[in-house]
Amino acid sequence: MERSRSAFDHWMHKHHFTFRDTRGRNITVQCNLCLPKINILSTARDSTSNLKKHLECHSPCQMRKRQNTEMSEPEPLFLPPKRLKSAVWEYFGYLKDPGGTINVDGYPVCRLCRKKVSARTGNTSNMAHHLRDHHPKEFAKMNRKHSVVCRRRIRDAPSVDAPSSDGPSNYGPSSYGPSVLENQTTESSSEAKEAKIDPTTIYHQTSQSRLNSLVFNFIVEDVQPISILEQPGFRKLIEALSRGKKVMCRNAFITRLEVAFSKMKGELKAKLDKVQTLCTTADVWSVQDRSYFGMTCHWLEDNLERKSAALACTRIPISYTCETIIAKIQEIHSSYNIESKVQATVTDNGNNFVKAFKEFSSEDDQEVEQSRFEDLASILCDGEMGGDFFLSYFLPPHQRCASQTLNLIASKDLADAVSKGQAGKLHSSATEKCAAIWHKAQSSTEAADAIESISKMNFTVPCLNQWSSEYYAINKLMSLTDSQLNELSEVLGVPHFTPDETAYLTEYTDVFKPVAFALDLLHGEEKCFLGIVIPTLLTLKRKLEEKAANTRLFSKVIDSTVKAIDSRFKQVFESSDARLATATMPQFRLWWLPEDERESLRAQLITEVLQVDQGTEETETNGGSVHEDEFFSYGPGSSGNKGGKREAAEEVWLYLQGTNKDLKCLNEFPGVKRVFIKFNTTLPSSAPVQQLFSNGCNIVTPKGHHLSDEHFERVLLLRYNSKITTALE
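If you're wondering where the values come from, they're calculated on a predicted model, not measured in any experiment.

A. Focus on the sheet that holds strand β1 (residues 17-23). Spatial strand order, β1-β2-β3: three strands in an open sheet with antiparallel pairing. Edge positions in the sheet fall to β1 and β3 (40-44), since each of these pairs with one other strand and no more. Each strand axis lies, on average, 30° off the axis of its neighbour in the sheet, ignoring direction. Against the sheet, helix α1 (residues 49-58) makes contact with β1, β2 (26-31) and β3, and its axis sits at roughly 140° relative to β3, the strand it touches most.

In structure tokens form, the structure reads like this:
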């Protein structure tokens, strides 16, 4: 069996040695120069360094003779006898053996440094990499050539190494020595200037600052722990890919983080200064004995596109109170100068948030306690009364998360009604069997594979405290046939579903399907507005009442659920902001209201249009000189007539008579559009701030090194705001 080829087979000094044997990854040879002494040497199959050292020590004259020969007259190189398509062959060729045949052994020789490069099966990637790494000027020049270099062009070029007897104009195969390359690179002075290294062309010549920016962006955008900078494997990877450049240290990352955060906050404050109305979402996140207060803000652009930004994710005491929450809200709002622009703050139904806004909210409809006089000194002091006095003037209106409220109705009120109903025991036994299947799927990969094999679908395990997740998991189980359910129970070793349990769960998923759909609708962000809450709840109530007439098990449960919707969403149904937000949505207008209530809301809408028009005129004239004609508001074409009540009423009437349900139709009614932006800026859900917290899970890890609370906040905010700022390069 023929042995595999090694580096020794292509070595220029191999004639001084005789091959003896192959031993694993090494080969053994005998030195011919040491005869008659038998000198057996060993070297790696992919290296000849040991043999070269032997020659340098024992036969330096042979090495010196060889080097002098190479310096005075390099051996000519020839192209292989096949069609060449790559321009890189201009810089490579093969030697001839003693018989005069071109030795195409898959290791062409570089014409510039006479080094052999592996290029088997005709692949020229290693040749291009050799040029890129060792001869960057020639590599850049080759990249600027767009035409394909063919064999005829190379062979027709004049050669100084192998002239024929016919004269200087008829040469054999080109040797393409270094002098030819020097002539080509000096064809013109402009071309010589272009031969300079181009960092955009040679990707490996990335500067250290650019590398630091890439590593910084990688950590921030992919939410990597800061400890990755100190991991040996990561450092070796970056140093190898960047040709020896060093990875930034932890202190360098912190310094860059401070600079990027300052830039991001400056750009964000500049954007918020131009916004007229916005809403904020707030929540508290606890992890590893720490608590963080997070806040995001949201606004609508003139094209009705929603924009979002993270304002804070700051550390608070683990045992926080409502006073702590109020102080943080005021501090964050004032740091961005948005106190007067916040239309509402959306939070969950936590007791601390509800209590804080109930005691300190500045809403107009809040009940006012009996007036009493207080000493001014006691108000201005640092006592509790003084703090509460000032906090009450800086809190925006409170908006509870609609999606969490509806989830609370489904998971508590609806579940309590089911357990107390006539089918309570049946519900308990059926859901316990479902839970057994979910537990098997979650704890065993084999069980999960078996479930997917039987059901022919991706199986999901419900999330904790999310009713819609449990509903969809039950719905997937009930979509299986009876035979599939029985097979699934046998494979997993869980009790079989009885016919009554299957019928019960099937009716359960059918009756409460509108609840799951409404939850998904209210959980959105980009295309979800406050104006969608009331129509969603009204439609949900209507669909549940329609189901009540056709169900035999859930009629009382539906009644309890409808009463819970009326009770928990009473504030929303009575809110003038929510009603105006709904009226300005072309999809609903006033169609959702009873006939006797439409006129009242239409009058409120006219008043709001008139107010926003006047506010827009004041904003446009502030800070500028006023012309004499603009000062007076009499006669046709005056500002008084343009912003008058008659024009507002006419615009509202035309809007309400329309039937186009697309939001783009609001461009035809500028006053109504401004009212839409004012009231529909508020989100019905606090989901965005929860997404902010989910990004921080990778940073706060038990392993590795924690960032300080301040730096942790900066990383989260930079990532969240990367789409609207340029802090990340």
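B. Expanded view of the packing of aromatic side chains. Evaluated as defined, the whole model comprises 16 aromatic pairs. Ring plane angle 20° and centroid distance 5.4 Å describe the contact between W467 and Y471, whose orientation is recorded as stacked. Here W467 pairs with Y471, and both are found in helix α18 (residues 467-478), just four residues apart, close to one helical turn. A relative accessible area of 5% means that W467 is categorised as buried. You can call Y471 buried: its relative accessible area is 3%. Judged by centre distance (6.0 Å) and plane angle (55°), the ring pair of Y508 and F554 falls under tilted. Of this pair, Y508 sits in helix α20 (residues 499-511) while F554 is found in the loop between α22 (533-548) and α23 (555-568), placing the two residues 46 residues apart along the sequence. What makes Y508 buried here is its relative accessible area of 4%. Given a relative accessible area of 1%, F554 falls into the buried group. Among the aromatic residues, ring-to-ring pairing joins Y504, Y508, F512 and F554 into one connected group.

C. Here's a closer look at the pattern of salt bridges. Going through the model one piece at a time under the given rule, you end up with 21 salt bridges. In this structure, the salt-bridge partner of K433 is E501, at a minimum N-O distance of 2.8 Å. Of the two residues, K433 is situated in helix α16 (residues 424-443) and E501 in helix α20; the sequence distance between them amounts to 68 residues. Residue K433 is classed as buried on the basis of its relative accessible area, which comes to 14%. The class of E501 is buried, set by a relative accessible area of 5%. E595 is the partner of R598 in a salt bridge, and the nearest nitrogen-oxygen pair spans 3.3 Å. Taken together, the positions of R598 and E595, both in helix α26 (residues 595-621) and three residues apart, correspond to about one turn of that helix. Look at E595 and you get exposed, because its relative accessible area is 61%.

D. Region of interest: the pairing of strand β9 (residues 342-347). Within β9, six of the six residues are buried, leaving the element largely enclosed by the surrounding structure. Relative to β9, strand β6 (residues 278-287) is paired through three bridges, and the arrangement is parallel. The residue of β9 that forms the bridge with T281 is V346. Direction of pairing for β9 relative to strand β10 (residues 398-400): parallel, over a ladder of three bridges. Directly across from T347, in β10, lies its bridge partner R400.

E. Looking closely at the packing of helix α15 (residues 402-420) against helix α21 (residues 513-522). Two elements in contact, α15 and α21, have axes whose closest approach is 8 Å; the angle formed by their N-to-C orientations is 160°. Between α15 and α21, the crossing angle belongs to the class labelled roughly antiparallel. Here α15 and α21 pass one another in a crossing that is left-handed. Along the contact surface, α15 presents A402, S403, L406, N407 and A410, while α21 presents V515, A518, L519 and L522. Taken together, the residues of the contact of α15 with α21 sort by class into seven nonpolar, two polar and no charged.

F. Quick look at a nonpolar patch on the surface. Judged by side-chain polarity, L35, I38 and I40 come together as a nonpolar surface patch covering roughly 280 Å² of accessible area. The topology assignment puts L35 in the loop between β2 and β3. Classification of L35 as partly exposed rests on a relative accessible area of 45%.

G. Representation of the nonpolar core in the model. Among the nonpolar cores identified, the biggest contains 86 residues, and I437, W467, Y508, F512, F554 and F569 are the most heavily contacted of them. In terms of residue count, α15 provides more of this core than any other element does, seven residues in total. When residues no more than four places from it in sequence are discounted, the contact partners of Y508 are L414, H427, W467, Y471, I474 and F554. I226, I228, F293 and Y720 belong to the second largest nonpolar core, which has 61 residues in total.

H. Fine view of the side chain of T405. Inspection of the secondary structure puts T405 in helix α15. Of the polar contacts made by the side chain of T405, one reaches the side chain of N349; its length is 3.2 Å. Ignoring sequence-local partners within four residues, the contact set of T405 consists of N349, R400, R568 and F569.

I. Representation of α18 in the model. Compared with the 16 Å implied by 1.5 Å per residue over twelve residues, the 17 Å span of α18 between its first and last C-alpha is a close match. Of the surrounding secondary structure, the elements contacted by the buried residues of α18 are α15, α16, α19 (482-492), α20 and α21.

J. Structural context of the sheet that holds strand β7 (residues 290-300). Ordered in space as β8-β7-β6-β9-β10, the five strands form an open sheet in which the pairing is mixed. Edge positions in the sheet fall to β8 (306-316) and β10, since each of these pairs with one other strand and no more. Looking at each pair of strands side by side, their axes are set apart by 25° on average, direction ignored. Two strands pair when backbone bridges link them, and β6 and β7 are joined in this way by nine bridges, in the antiparallel orientation. Pairing of S286 across the sheet is with S291, part of β7. Each of β7, β8 and β9 touches helix α30 (residues 670-680); the most contacted strand, β7, lies at about 175° to it.

K. Geometry of the pairing of β3. Of the two faces of β3, only one is covered, namely that formed by L41 and T43; the face formed by I40, S42 and A44 stays uncovered. Pairing of β2 with β3 involves five bridges; the strand directions are antiparallel. Counted as the bridge partner of N26 is A44 from β3.

L. Representation of the confidence of the model for the protein. Mean pLDDT over the protein: 78, with 78% of residues reaching 70 or higher. Taken together, the stretch residues 146-155 has pLDDT below 50 and engages in 24 contacts with residues farther than four places along the chain or on a different chain. Residue range residues 157-204 is modelled with pLDDT below 50. Its contacts to residues more than four positions away, or to other chains, number 62 contacts.

Parameters at a glance
- For every chain, the first residue of the written sequence is number 1, and numbering continues from 1 along that sequence.
- Where local features are concerned, this predicted model is filtered to residues with pLDDT of at least 70; where side-chain atom pairs are given and counted, the filter is 80 or more; whole-chain, interface and lining totals use all residues.
- Computation of side-chain values: all heavy atoms of the structure, hydrogens and water removed.
- In this description, strands pair whenever DSSP reports at least two bridges between them.
- Where helices and strands are cited, they refer to DSSP runs of H or I of at least four residues and of E of at least two residues respectively, numbered from the N terminus.
- Axis lines are fitted through C-alpha atoms, for helices just across the contact stretch, and the angle between N-to-C directions can take any value from 0 to 180 degrees.
- When checking whether two residues touch, look at their non-hydrogen atoms; a contact exists if any pair is within 4.5 Å.
- Each aromatic pair joins two rings of Phe, Tyr and Trp (for Trp, the six-membered one) with centres within 6.5 Å, and gets the label stacked for planes under 30 degrees apart, edge-to-face for over 60, and tilted for any other angle.
- For each residue, the accessible area found with a 1.4 Å probe, counting protein chains only, is set against the maximum for its type, and the residue is called buried under 20%, exposed over 50%, and partly exposed in between.
- Think of a salt bridge as a Lys or Arg side-chain nitrogen and an Asp or Glu carboxyl oxygen that are within 4 Å of each other.
- Should an angle lie under 35 degrees it is considered roughly parallel, over 145 roughly antiparallel, and from 65 to 115 roughly perpendicular; all remaining angles are considered oblique.
- Note on convention: the crossing is left-handed when the near helix lies turned anticlockwise from the far helix by less than a right angle, right-handed when the turn is clockwise.
- Each residue is assigned to one class: nonpolar for Ala, Val, Leu, Ile, Met, Phe, Trp, Tyr, Cys and Pro, charged for Asp, Glu, Lys and Arg, and polar for all the others, Gly among them.
- Patches were defined on residues exceeding 30% relative accessible area and lacking a salt bridge, with like-charge contacts within 9 Å and nonpolar side-chain contacts (Val, Leu, Ile, Met, Phe, Trp, Tyr) within 5 Å.
- All accessible-area figures derive from a Shrake-Rupley calculation using a 1.4 Å probe, and residue coverage is judged against the displayed protein chains alone.
- Here the nonpolar core consists of buried residues drawn from Ala, Val, Leu, Ile, Met, Phe, Trp, Tyr and Cys, with membership extended through side-chain atoms lying within 4.5 Å.
- Side-chain atoms alone can form a polar contact between residues adjacent in sequence; in general such a contact is a pair of N or O atoms within 3.5 Å, and within protein one must be able to donate a hydrogen while the other accepts it.
- Residue count minus one, scaled by 1.5 Å, sets the expected span of a helix.
- On a range of 0 to 100, pLDDT expresses the predictor's confidence in each residue.

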